[in-house]
Amino acid sequence: MARRLTPWRWAVLGLAALYFLVPLAASVVFTVDDPDGISFDAYTKILSAGGFVSSLLLSLELAVTTIVVVLLLMVPAAVALRLGAPRLRPVVEVVCSLPLVVPPIAFVAGIVSVLKWGPDHLSRTPLFQTFVAIQNPSFPVVLVLAYVVMALPFVYRALDAGLRAIDVRTLVEAARSCGASWPQALVRAVLPNLRGALLNAAFLTLALVLGEFTVAQLLGYQPFAVWIYNVGSDQAQMSVAVSVLSLLVTWALLLALAGAGGGRNRTAPSRG
């Protein structure tokens, strides 16, 4: 049966490859097309383009901060949910899935309403400076807060899948019986067994932040995705070239993640 299905599998794989590779090849051809022949000016001029480095660094800073915040929130919550309140799991799952239901436009409209309401009603309180600080253009904390909410569905699914694959209760009880505190049991017993899930959550959050456009554009900030859009209005070839490079970097990160998970799986039996 497996041999008879092999040609169909190759056919499906070939169609999937065409679906992804043909648009990518067309984009590459567009970036190197020149009236005088093939030119790589669209790629060589990326680093010297105005705003490229600053927007990329801003997106990376936002991504790292978002990953740290969302993992600090969700890892203890997911472990506590698994150990002490399994009946609340459907409630938490629904709450974490809400960002997939709420349209980004409506989400940004709510953020803008809150940001406008704060200075009008809190101008004589210490919280006024907080509203000003989180909108600092050099590092907009408001974007981090928005990205944390948007990353909740992906992070929760990744962590939930990782926790399902291990016996969390036994690990925690064993660590506690050896004299470890609850934080030590979480860090030394649970987290090492969640390395794959943590990597998946971090990668999904990184991809989300690097590719997010709507929230940042409507709030008036210029991270990497917004910079690509702005450059495309004047330099279409450079905009597509940056998008191609971004896609290749994302694929490289995904392959590195798969390699790290595969290396862990190969070495696991030898330790037993």
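Quick caveat, the model's predicted, so the values are computed rather than measured.

1. Details of the packing of helix 3 (residues 52-83) against helix 10 (residues 195-211)
- Running from N to C, helix 3 and helix 10 cross one another at 140°; their axes reach a closest spacing of 9 Å. Of the possible angle classes, the one that applies to helix 3 and helix 10 is oblique. Two packed elements cross with a definite hand, and for helix 3 against helix 10 that hand is right-handed. Of the residues in helix 10, those touching helix 3 at Ser59, Leu60, Leu62, Ala63, Thr66, Ile67, Val70, Leu71 and Val75 are Leu198, Ala201, Ala202, Thr205, Leu206, Val209 and Leu210.
- Within the contact of helix 3 with helix 10, the residues separate by chemical class into 13 nonpolar, three polar and no charged.

2. Brief notes about the pattern of salt bridges
- Inspection of every chain in the model, using the stated rule, returns four salt bridges.
- Residues Arg89 and Asp160 are paired through a salt bridge, measuring 2.9 Å at the closest nitrogen-oxygen approach. Within this pair, whereas Arg89 is found in helix 4 (residues 89-101), its partner Asp160 is found in helix 7 (residues 141-164), the two being separated by 71 residues in sequence.
- With relative accessibility at 22%, the residue Arg89 sits in the partly exposed group.
- Notably, a salt bridge pairs Arg157 with Glu93, separated by 2.9 Å at the nearest N-O pair. Taken together, the residues Arg157 in helix 7 and Glu93 in helix 4 connect sequence positions 64 residues apart.
- Residue Arg157 is classed as partly exposed on the basis of its relative accessible area, which comes to 45%.

3. Observations concerning the side chain of Ser239
- Structurally, the position occupied by Ser239 is in helix 13 (residues 236-271).
- Taking relative accessible area as the criterion, Ser239 reaches 11% and is therefore assigned buried.
- In this view, Ser239 contacts Ile228, Val231 and Gly232; residues no more than four positions away in its chain are not counted.

4. Details of the packing of aromatic side chains
- Following the criterion strictly, the structure yields five aromatic pairs and no others.
- Taking 5.2 Å as the distance between ring centres and 90° as the angle between the ring planes, the aromatic pair formed by Tyr19 and Phe20 counts as edge-to-face. Of the two residues, Tyr19 and Phe20, neither departs from the other in class, the shared state being exposed.
- A ring pair is formed by Phe52 and Phe224, whose centres lie 5.9 Å apart and whose planes are at 65°; its orientation type is edge-to-face. Placement of Phe52 in helix 3 and of Phe224 in helix 12 (residues 224-232) is noted, with a sequence separation of 172 residues between them.
- Every member of this aromatic cluster is reached through a ring pair, and the members are Phe52, Phe224 and Trp227.

5. So, the packing of helix 3 against helix 9 (residues 182-190)
- It is the contact of helix 3 with helix 9, at a shortest axis distance of 12 Å, that shows an interaxial angle of 100°. What the angle tells us is that helix 3 and helix 9 run roughly perpendicular. Here helix 3 contributes Val75, Pro76, Val79 and Leu83 to the contact with helix 9, which in turn contributes Trp182, Leu186 and Val190.
- The residue inventory of the contact of helix 3 with helix 9, partitioned by class, reads seven nonpolar, no polar and no charged.

6. Re the nonpolar core
- Ranked by size, the top nonpolar core spans 54 residues in total, and within it Leu71, Met74, Leu143, Val155, Val168 and Leu219 carry the most contacts.
- Breaking this core down by element, the ones donating at least two residues are helix 3, helix 5 (104-122), helix 7, helix 8 (168-177), helix 9, helix 10 and helix 11 (214-219).
- When residues of this core are assigned to their parent elements, the largest contribution, 14 residues, is made by helix 7.
- Contacts of Leu143, omitting those with residues within four sequence positions, involve Leu62, Val215, Ala216, Leu219 and Tyr221.

What counts and how
Residues numbered from 1 in each chain as written. Predicted model: local features only at pLDDT ≥ 70, side-chain atom pairs only at ≥ 80, totals over all residues. Heavy atoms only, no water. Axes fitted to C-alpha atoms, helices over the stretch in contact; angles between N-to-C directions. Helix = DSSP H or I, 4+ residues; strand = E, 2+ residues; numbered from the N terminus. Parallel < 35°, antiparallel > 145°, perpendicular 65-115°, else oblique. Left-handed = near helix turned anticlockwise from the far one by under 90°. Contact = heavy atoms within 4.5 Å. Nonpolar A, V, L, I, M, F, W, Y, C, P; charged D, E, K, R; others polar. Salt bridge = Lys/Arg side-chain N within 4 Å of Asp/Glu carboxyl O. Buried < 20%, exposed > 50% of the residue type's maximum accessible area, 1.4 Å probe, protein only. Phe/Tyr/Trp six-rings, centres within 6.5 Å; stacked < 30°, edge-to-face > 60°. Core = buried A, V, L, I, M, F, W, Y, C linked by side-chain atoms within 4.5 Å.

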